[in-house]
Amino acid sequence: MSQAGPGILFDHVSKRYVWRRDRTRSFLDVFTGLFRRRSPAEEFWALRDLSLSVAPGEAVGLIGPNGAGKSTALKLASRVVDPTSGQVQVSGRVSALLELAAGFHPDLTGRENVFLSGALMGLSRREVLDRYEGIVDFAGVGDFIDSPVRHYSSGMAMRLGFAVAGSVDPDVLLIDEVLAVGDRAFSQRCLDRIYSLRERGTAILFVSHDLEAVRSLCDRALLLEQGEVTHDGPTDRVIAQYLQRVAEGDRGHSCQEREERWGSGEIKIGEVWLEDEAGGKVSGVPVGRPFVVAADYTSHSAVSEPVIGLALRDETGHLLSGPNTRFDGVDLASLPSSGEVRYQVNDSRLLPGRYFLSISVYDSRLMHAYDHWEFCLGFDIFPDESSRCFGIFSLAGDWALSEVAPGREMGGDG
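What you see is a predicted model; the values in this text were computed from it and never measured. (Residues numbered from 1 in each chain as written. Predicted model: local features only at pLDDT ≥ 70, side-chain atom pairs only at ≥ 80, totals over all residues. Heavy atoms only, no water.)

**Overview of the pairing of strand E8 (residues 220–225)**
Stage number 1. The element E8 is largely enclosed, with a buried count of six among its six residues.
Stage number 2. Where burial is concerned, the two faces of E8 agree: the one with Arg-220, Leu-222 and Leu-224 and the one with Ala-221, Leu-223 and Glu-225 are both buried.
Stage number 3. Here four bridges tie strand E3 (residues 59–63) to E8, and the two strands are oriented parallel to one another. Counted as the bridge partner of Ile-63 is Leu-223 from E8.
Stage number 4. As defined by bridge partners, E8 adjoins strand E9 (residues 228–234) across six bridges and the pair is classed as antiparallel. (Buried < 20%, exposed > 50% of the residue type's maximum accessible area, 1.4 Å probe, protein only. Helix = DSSP H or I, 4+ residues; strand = E, 2+ residues; numbered from the N terminus. Pairing = 2+ DSSP bridges.)

**Details of a nonpolar patch on the surface**
Stage number 1. Where nonpolar side chains cluster on the molecular surface, the patch consists of Tyr-17, Trp-19 and Phe-44 and spans about 280 Å² of accessible area.
Stage number 2. Structurally, Phe-44 can be placed in strand E2 (residues 42–54). (Patch = residues over 30% accessible without salt bridge, like charges linked within 9 Å, V, L, I, M, F, W, Y side chains within 5 Å. Areas by Shrake-Rupley, 256 points an atom, 1.4 Å probe, with all protein chains shown as cover. Salt bridge = Lys/Arg side-chain N within 4 Å of Asp/Glu carboxyl O.)

**Remarks on the sheet that holds E3**
Stage number 1. Overall, mixed pairing links the six strands, which are arranged E5-E6-E7-E3-E8-E9 in an open sheet. The open sheet terminates on both sides in strands that have one partner only, identified here as strand E5 (94–97) and E9. Going across the sheet, the axis of each strand differs from the next one's by a mean of 15 degrees, ignoring polarity.
Stage number 2. Bridge count for E5 against strand E6 (residues 172–176) is four bridges, and the pairing is parallel. For Val-94, the partnering residue across the bridge sits in E6 and is Val-172. (Axes fitted to C-alpha atoms, helices over the stretch in contact; angles between N-to-C directions.)

**A look at the packing of aromatic side chains**
Stage number 1. Summed over the entire model, instances satisfying the criterion amount to five aromatic pairs.
Stage number 2. Measuring from ring centre to ring centre gives 5.7 Å for Phe-291 and Phe-379, while their planes differ by 45 degrees; the resulting arrangement is tilted. With Phe-291 in strand E14 (residues 291–299) and Phe-379 in strand E19 (residues 369–382), the pair connects residues that are 88 residues apart, well separated along the chain.
Stage number 3. We classify Phe-291 as buried; its relative accessible area is 5%.
Stage number 4. Taken together, the ring pairs connect Phe-291, Tyr-355 and Phe-379 into an aromatic cluster.
Stage number 5. Across the ring face of Tyr-17, the terminal group of Lys-15 is positioned such that the distance to the ring centre comes to 5.1 Å. (Phe/Tyr/Trp six-rings, centres within 6.5 Å; stacked < 30°, edge-to-face > 60°. Lys NZ or Arg CZ within 6 Å of the ring centre and 35° of its normal.)

**Some thoughts on the side chain of Thr-325**
Stage number 1. The topology assignment puts Thr-325 in the loop between strand E16 (319–321) and strand E17 (338–345).
Stage number 2. Not counting chain neighbours up to four residues away, the residues in contact with Thr-325 comprise Pro-306, Val-307, Ile-308, Val-330 and Leu-332. (Contact = heavy atoms within 4.5 Å.)

**Some details on helix H3 (residues 110–120)**
Stage number 1. Of the residues making up H3, those classed as buried are Gly-110, Asn-113, Val-114, Phe-115, Ser-117 and Gly-118.
Stage number 2. Next to the buried residues of H3 lie helix H4 (125–139) and helix H5 (154–165).
Stage number 3. Backbone geometry just downstream of H3 places Gly-122 in the positive-phi region, at approximately 95 degrees.

**Observations regarding the sheet that holds strand E12 (residues 281–282)**
The strands that make up a sheet are held in pairs by hydrogen bonds between backbone atoms, and each pair lies either parallel or antiparallel.
Stage number 1. An order of E12-E11-E14-E17 is seen for the four strands of this open sheet, with the pairing classed as antiparallel. For this open sheet the edge positions go to E12 and E17, each flanked by a neighbour on one side alone.
Stage number 2. One ladder, built from eight bridges, connects E14 with E17; its direction is antiparallel. When the sheet's bridge partners are listed, Thr-298 is paired in E17 with Ser-338.

**Looking at the pattern of salt bridges**
Stage number 1. Scanning the model with the defined rule gives 19 salt bridges in all.
Stage number 2. Across the pair Arg-289 and Glu-277 runs a salt bridge whose closest N-O atoms are separated by 2.3 Å. Of the two residues, Arg-289 is situated in the loop between strand E13 (284–286) and E14 and Glu-277 in the loop between strand E11 (267–275) and E12; the sequence distance between them amounts to 12 residues.
Stage number 3. By relative accessible area, which is 39% here, Arg-289 ends up partly exposed.
Stage number 4. Here Arg-313 ties to Glu-374 by a salt bridge, and the two come within 2.9 Å at their closest N and O atoms.

**Some details on the side chain of Ser-167**
Stage number 1. As for its placement among the helices and strands, Ser-167 is situated in the loop between H5 and E6.
Stage number 2. If near-sequence neighbours (up to four positions away) are discounted, Ser-167 is found in contact with Arg-131, Ile-135 and Arg-193.

**Some details on unusual backbone geometry**
Stage number 1. The phi angle at Asp-49 is positive, at roughly 55 degrees, despite the residue not being glycine.
Stage number 2. Checked against the element boundaries, Asp-49 lands in strand E2.
Stage number 3. With a relative accessible area of 47%, Asp-49 lands in the partly exposed category.
Stage number 4. Of note in the backbone geometry, Arg-79 takes a positive phi value of approximately 65 degrees without being a glycine.
Stage number 5. With respect to the helices and strands, the residue Arg-79 is situated in the loop between helix H2 (70–77) and strand E4 (85–90).

Encoded structure:
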């Protein structure tokens, strides 16, 4: 594989679709439509002024919400559609993993479809023969290779489609949501194949909602929204910006669905909010940064030794932490008639994700609820460029390596 210049080049590319709302469904509709005024044409811009280049050996990810124009960009690169304006240049042999097995003929056997698909991808019969055993072995469909594809499960057909497309040794590889084509082991084999192609100099354009796959494969990413590029840069930074925008757009919806509240009402919680380290009200904070949970309250009658508590849960509802004033040694003889309570988190080890808070005021025995408010607040921990851990919280620790002396077995008595 040898290329001069970028493998993929979009130069101020836009794509417009035009349609009408009225559709003819029968001969009578066609006939009567001759005497009826047609609805005006409407247009939709799937992409606007997209410029990008992907060099040989580079993998670029396209991320964004549904309808942002990601798949349209891949169709333009694969020459399935033409741009309305601008130029698209793609150098060398192209392999497009867009809709796996979409080109298979259901009445042909797997073997026949391998040769047909290989020919459509520009391979000679000799080239397909040289790759055939590897394709069948990779797909794991050897027992069914001479059966018609209509008897295959969807997973088998997609695995065979990936095996054929991945055997082409392309100069340019276009990928659209194809890593969920089987079990975890097969998905890993697909990733390994894609990595090997990148190392050999293939230019890769990768579209996926699996942000960890994009983070793992791509050094650079573009965020598309409503057909336009809003962010372009290092993958970690663009993913962080995308997750923050998603979190801001979804703020509050999940809480309203889960919210529950009960209590006798002697003390009533008012507003609950999150503050960043500057004291501003926020919907979330970056990973590792301090924050404050704050709430105001009103006491309608005197109660002795109340206990104020919080509960922190993840998206599945699992309880992660439950601090309260009694456990933390804060004795409240009584509460003023109104006021504000604050819980300062200085050393947050929460990893990026969405979290939910509950707040409560109980009696000293933690038996009687004055006010218990479940899922009163949802907030987000945003990733930053250095957050490369997995899970819910960061497990602080130090790595150490030591060499085992020759002749000493691991775990032996010496």
